[in-house]
Structures are given as structure tokens and as C-alpha cells.
Amino acid sequence: MNGVVEKLDFETYISSFRKHLFHLFREEFDYGAISLKRDFPAEFLSEIMKKKPLAVAIPELHGGRGVSVKECLGVLSAASYESLALSLMFGINIALFLEPLAKYGNFSVQERVFKEFMENNAMGGLMITEKAYGSDALNMKTGYEQIGDSYKIKGEKHWQGLSGAADFWLVTARKYTPTGELTRDIDFFVTENKKSEQHIPMVERYNNLGLYAIPYGINPIDVVVPGDQKLNPESTGIKLMLDMLHRSRLQFPGMGLGFIKRLMDESLEHCQTRIVGG
């Protein structure tokens, strides 16, 4: 089946991925020049994704490697050895989209979306933050109402990693009450950008510093999604959000590990090869 990763043992898999990245970043492309420009070139990213690195965050039932924490952190570490920006891109996909969908999504939606990731190298992200409220997520003003078997979501988000680049989003919103107020709890919805009624544009791109490969901007939301694209919390949406955000913080050791190992390797090489006093 196209897109299914052959289940190699992890050491073989990650070793092959490291060699693949080394070749791309050090030999085939000029990453020094790439890192000074916005976004990864499409050809460069396409070559990276040929090894299906996001398969580590997709259940085996859907053709992935099984959502193992060890494997997810291993891929992040391998990526950050060459590029912190690439590692963050993977981290956004893994912790803020794929893992929550695997845990809380409806099977029919998982099946369709994971297939896009495995076969077409799709990307996903999370939309929580709003201009006026920042990290005060419980006061977000993006709201939704149920219309028949669908949900209509309206609002605005900003500072979403992969703005304008992701194919799928998890969008957070609060339900409108009959009086037009917003409930306290938060719900999550999967949106699919290629469908016009679910498309979320980026109307302004931020000139962010640092990791140029990650696009951020302003995203107005006026979409309608099918009922099965709402995530199913085990209790409340707020607890689902906390689970997701706590889980995402576990990505940082993976990102940091590869970067620190690169620093150590280059420091040792410098010390061992440096000529002192002729």
C-alpha cells in the first residue's frame, strides 16, 4: 500500500533518517543560505519528507509506526541536530495535531487525515491563540454553533505555527448559548484547508525573528465543518487542552537533545583539530 512505512526496528529507521538529513543539509542543499530565507523550499522539504518522519506519531492501524514517545522524541532529536526549525515543524505536527487526533478523533476522520499524512506528506497545526487574549485561552472569542449535522465556527486566531502552510488544523472555539454568550468550556475541531467551506486563510504574515522556516500570521476563521470532525474529550474540553499542552512540552527534550549533541560534537572536533602554537 502506498504511503505505509515498512516497520523497521527503530534503530535502523532512525539511523537511516539521520543519514538522509546529513546528506540533504550538508551535501545536496546549501542550508546556510536556505536558513536565511523565509520557509523551506518545496523541493527541499519534499526530499526531507520522503523518509516519512511523521509516521512515528500515526497509529499502526493507519499505516504509521504506533505513536511511541521514544520514537517521536528520536525523530525530533535527529531533526534538531541539523535544524531547530525543522524540529519545531515536526514538533508542531506531532504534539499539537497528530497525537491529539489519534487520542480524541473519530475513526473515520483519523482514517482520512492520517492517509493524507502518510501518502501526501500533509502538515497539521493547532489554533488557540487570539490577539486580545494571548495565553488566556479561557477567554477566547472564537465561537461555534451547531447547524444540523455540522458546526459553524467564526473568529480570528494569530501566532499559529505553520500559518498558511498547514493542510489541516485543530481549531479551538467556545459554544454559543441561546442568549449569544459563550460557554466556559472549549471544543476542538479538525479543519481541512483544501475544502473551500473549511479553508482558513492567512491575511497577514508576521515578520518573525529566529526560525524563518516557520510561518506565523493572522488567520480569520469563518468555516463550516462536519459533525464528525469535532474531537471527543474524555471529560471536558479544557482537560483535553491541558493534556495536549502538557504532552507538547515533552517534545522540548527531544528538540534540545539533538541540538546540544551537535554543539558537543562540534566543540570536541574543534578542540581535537585546533593547532596551537604551530
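Refer to the structure presented above.
1. With respect to unusual backbone geometry
For step 1, the next point in the chain: At N121, a residue that is not glycine, the phi angle is positive and equals roughly 55°.
For step 2, the next point in the chain: With respect to the secondary-structure elements, N121 resides in the loop between α6 (107–120) and β1 (124–127).
For step 3, the next point in the chain: Classification of N121 by relative accessible area gives partly exposed; the value is 24%.
For step 4, the next point in the chain: With phi around 80°, L162 is a residue other than glycine that occupies positive phi space.
For step 5, the next point in the chain: If you trace the backbone, L162 turns up in the loop between β3 (150–158) and β4 (168–175).
For step 6, the next point in the chain: By relative accessible area, which is 2% here, L162 ends up buried.

2. Comments concerning the side chain of S77
For step 1, the next point in the chain: For S77, the position within the fold is in helix α4 (residues 69–82).
For step 2, the next point in the chain: For S77, a relative accessible area of 13% corresponds to the buried category.
For step 3, the next point in the chain: Those residues in contact with S77 that lie beyond four places of it in its chain are G254, L257 and G258.

3. Remarks on the packing of helix α5 (residues 84–104) against helix α7 (residues 237–249)
Each pair of packed helices can be described by the angle between their axes along with the distance between the axes.
For step 1, the next point in the chain: Contact geometry of α5 with α7 gives a least axis separation of 10 Å together with a crossing angle of 130°. Comparing their axes, α7 and α5 come out oblique. The way α5 lies across α7 gives a crossing that is right-handed. Between α5 and α7, the residues in contact are A95, L96, E99, P100, K103 and Y104 and L240, D243, M244, R247 and S248, respectively.
For step 2, the next point in the chain: For the contact of α5 with α7, the per-class residue count stands at 6 nonpolar, 1 polar and 4 charged.

4. Things to note about the nonpolar core
Here is a general trend for soluble globular proteins: nonpolar side chains tend to be buried in one another's company.
For step 1, the next point in the chain: With 76 residues, the main nonpolar core has F40, F44, I48, F90, F97, F117 and I153 as its most contacted residues.
For step 2, the next point in the chain: A per-element tally of this core places α5 first, with 11 residues.
For step 3, the next point in the chain: Ignoring any residue separated from it by four or fewer positions in sequence, one finds F44 in contact with L24, F25, F29, Y31 and I34.

5. Section: helix α1 (residues 10–28)
For step 1, the next point in the chain: The terminal C-alpha atoms of α1, which comprises 19 residues, lie 25 Å apart, in line with the 27 Å expected from a rise of 1.5 Å per residue.
For step 2, the next point in the chain: Residues F10, Y13, I14, F17, H20, L21, L24 and F25 constitute the buried set of α1. The buried residues of α1 occupy one face: seen down the axis, they fall within an arc of 120°. Residues of α1 that are exposed and point more than 90 degrees away from the buried face comprise K19 and E27.
For step 3, the next point in the chain: Looking at the buried positions of α1, the neighbouring elements they touch are α2 (31–34), α3 (42–48), α4 and α5.
For step 4, the next point in the chain: The opening residue of α1, the one whose side-chain oxygen lies 3.3 Å from the backbone nitrogen of E11, is D9.

6. With respect to the packing of aromatic side chains
For step 1, the next point in the chain: The final tally for this structure, using the stated rule, is 16 aromatic pairs.
For step 2, the next point in the chain: Geometrically, the ring pair formed by Y31 and F40 is tilted, given 6.3 Å between the ring centres and 45° between the ring planes. The same class applies to Y31 as to F40, namely buried.
For step 3, the next point in the chain: Connected via pairs of aromatic rings, a cluster forms that spans F25, F29, Y31, F40 and F44.
For step 4, the next point in the chain: One cation-aromatic arrangement involves R65 over Y13; the distance from NZ or CZ to the ring centre is 4.4 Å.
For step 5, the next point in the chain: Just above the ring of Y81 sits the side chain of R262; from NZ or CZ to the centre is 5.6 Å.

7. Quick notes on the pairing of β4
For step 1, the next point in the chain: Burial of β4 is extensive: 7 of the 8 residues sit out of reach of the surface.
For step 2, the next point in the chain: Bridge count for β1 against β4 is 4 bridges, and the pairing is parallel. Bridge pairing links M127 to V171 in β4.
For step 3, the next point in the chain: Taken together, the 2 bridges between strand β2 (residues 143–147) and β4 define a ladder with parallel strand orientation. Residue G143 lies in a different strand from β4, and its bridge partner there is R174.
For step 4, the next point in the chain: Alignment of β4 against strand β5 (residues 187–192), held across 6 bridges, turns out to be antiparallel.

Calculation notes
- Residues numbered from 1 in each chain as written.
- Predicted model: local features only at pLDDT ≥ 70, side-chain atom pairs only at ≥ 80, totals over all residues.
- Heavy atoms only, no water.
- Helix = DSSP H or I, 4+ residues; strand = E, 2+ residues; numbered from the N terminus.
- Buried < 20%, exposed > 50% of the residue type's maximum accessible area, 1.4 Å probe, protein only.
- Contact = heavy atoms within 4.5 Å.
- Axes fitted to C-alpha atoms, helices over the stretch in contact; angles between N-to-C directions.
- Parallel < 35°, antiparallel > 145°, perpendicular 65-115°, else oblique.
- Left-handed = near helix turned anticlockwise from the far one by under 90°.
- Nonpolar A, V, L, I, M, F, W, Y, C, P; charged D, E, K, R; others polar.
- Core = buried A, V, L, I, M, F, W, Y, C linked by side-chain atoms within 4.5 Å.
- Expected span 1.5 Å × (residues − 1).
- Arc of directions from axis to C-beta.
- Polar contact = N/O pair within 3.5 Å; in protein donor to acceptor, adjacent residues only side chain to side chain.
- Phe/Tyr/Trp six-rings, centres within 6.5 Å; stacked < 30°, edge-to-face > 60°.
- Lys NZ or Arg CZ within 6 Å of the ring centre and 35° of its normal.
- Pairing = 2+ DSSP bridges.

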